[in-house]
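Structure at a glance
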Amino acid sequence: MSHPSPIHLNVFVHTTGHHEASWLYPGSEPERTTDVGFYRELAAIAERGKFDSLFLADQLAVGRSVKHVAQGKLEPLTLLAALAGATERIGLIATASTTYSEPYNLARQFASLDHISGGRAGWNIVTSWSAEAAGNFGLAQRNSHADRYRRATEYVEVVRKLWDSWEDDARIYDRTRGVYADPGRIHAIDHGGEEFRVRGPLDIPRSPQGNPVLVQAGSSDEGRGFAARNAEAIFTAQQELGEAQAFYADVKGRAGALGRDPSGIKILPGLSPILGSTEAEAQALEDQLNDLTLPEVGLKHLSQRFDGFDFSVFPLDARIPIEAFPSPKTVQGAQSRSQIILNVVERERPTLRQLLRRLAGGRGHKVLAGTPDRIADHIQHWTESRAADGFNIMPATFPGGLAAFVDEVVPILQRRGLFRTDYAGRTLRDHYGLNWPQSRYARSA
Ligand SMILES: Cc1cc2nc3c(=O)[nH]c(=O)nc-3n(C[C@H](O)[C@H](O)[C@H](O)COP(=O)(O)O)c2cc1C
């Protein structure tokens, strides 16, 4: 296995940028969010910056703020198959929901992407918090948080069995005897559980990575348990060093308790960098973006985080009473994100308007405006403090914010010996320094 980079960088590709007003920023091209050429450009910039991977989210429903926020996008697995042909090294991670699909479908899609990309596929496993998505799949309302994670646990087990169902050497190509494959090395999985009955095997031979990399993005108690069992990389939102350290120690500890090597899980908190050649210039850019936001958009997003609670009844320029917030533990959407927002409110006591501006850039992820050195310092400090193994970079604007990070921050990280100057390996597992999993059926033989 190639020597991994000390830190890992993923870019979260998201329409015209992560700032909700990014499409209004001068130079933005919102008409290109359905143009594959736009994504090829972003992938080329990230690959020039030697990023480990790029990642696409998926909500399975149009956002409530479509009137005012750029949302055009493409289906992740389809887009990544196109990007596989336009890139050589960068890992390609697609979000796919365990709530609104069947394991057999998804196992073959990711196995295909792994073959097409030469071993660069990753699956961001989500349970879909969006209430709107339920209506697109025949449900009157979304299943409970606990039920979604229960299904996800069995779902992933089935997918992994399917990925293992062909041993690596099942195809023997013996032309003299006319034997293409050894059926003894192609296994039915005969899965019968509470949610799924799947006979198998998969109709696709084992893929270059054995299993595409399993990524997870939900940090509630259930989410952490699920991650400790399954994840090889974790996307998470963390605002404060202490909270991030606690999360890091908790998840790695849980994984260790399950007999896993904690270094086999890469924890990547979100970071939305806003760069300037001086601190004042960076701050001015953040202010410029925040000035383009509309309170009604922020109110919709905030309400969605708290299961539809209506914050518009509060005056914009007063502090919101903390007791007015619904408890994150009862939230059926994304529990960890509502907890982060509540922590911000408790710590900073912002007015409603200030809170909406605070969330406009990263939706609860950390936004950091500063010089390239300051951003690099932050990345170094958090990774050296066991708060992160790297970062999920969320540029405020695309492509400009990504290009600025690649041209100005990556070289500093490289000079400090923290980040690769070139790819050492070919697969996403190589980049993240993850083991190659042998088929469970070969192991048991
Ligand atoms: C960086 C990041 C990206 C995410 N992307 C998606 C996504 O594309 N689709 C989705 O339904 N949820 C997404 N989520 C949400 C989580 O997967 C999860 O559903 C949510 O946080 C609820 O889980 P929790 O209650 O365990 O926190 C994302 C979370 C993070 C941190």
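Okay, so let's go over this structure. These figures come from a predicted structure and were not determined experimentally. (Residues numbered from 1 in each chain as written. Predicted model: local features only at pLDDT ≥ 70, side-chain atom pairs only at ≥ 80, totals over all residues. Heavy atoms only, no water.)

**Points about the pattern of salt bridges**
Taken as a whole, this structure holds 32 salt bridges when the rule is applied. Its salt-bridge partner being R206, residue D168 comes within 2.9 Å of it at the nearest N-O pair. Here D168, found in the loop between α5 (145-164) and β5 (171-174), pairs with R206, found in the loop between β8 (197-198) and β9 (213-216); they are 38 residues apart in sequence, far enough to count as distant. Ionic contacts of the salt-bridge type, sharing partners, join the residues E29, R32, D35 and E41 into one network. (Salt bridge = Lys/Arg side-chain N within 4 Å of Asp/Glu carboxyl O. Helix = DSSP H or I, 4+ residues; strand = E, 2+ residues; numbered from the N terminus.)

**Some words on the layout of surface pockets**
Quantified by volume, the second largest pocket comes out at close to 500 Å³. In terms of lining, the second largest pocket is formed by 23 residues, of which the most central are R160, E232, R260, N435 and P437. Taken together, the residues that form the lining of the second largest pocket break down as 6 nonpolar, 7 polar and 10 charged. (1 Å grid on protein atoms, 1.4 Å probe; cavity = no way out; pocket = protein on both sides within 12 Å on 5 of 7 lines; lining within 4 Å. Points joined across faces, edges and corners; volume = space filled by probe spheres on them. Nonpolar A, V, L, I, M, F, W, Y, C, P; charged D, E, K, R; others polar.)

**Description of unusual backbone geometry**
Cis peptide bonds are those with omega within 30 degrees of zero, and the linkage from G200 to P201 qualifies with -5 degrees. With respect to the helices, strands and loops of the structure, P201 is situated in the loop between β8 and β9. Here F398 and P399 are connected by a cis peptide whose omega angle stands at 0 degrees. Its location among the elements puts P399 in the loop between β13 (390-393) and α13 (400-415). Positive phi values are uncommon outside glycine, yet D190 reaches one of about 45 degrees. Structurally, D190 can be placed in the loop between β6 (179-181) and β7 (191-192). Note on D190: relative accessible area 57%, which makes it exposed. Within the chain, D307 stands out as a residue other than glycine whose phi angle is a positive 50 degrees. Relative to the helices and strands, D307 resides in the loop between α9 (295-305) and α10 (335-348). A relative accessible area of 34% places D307 in the partly exposed class. (Buried < 20%, exposed > 50% of the residue type's maximum accessible area, 1.4 Å probe, protein only.)

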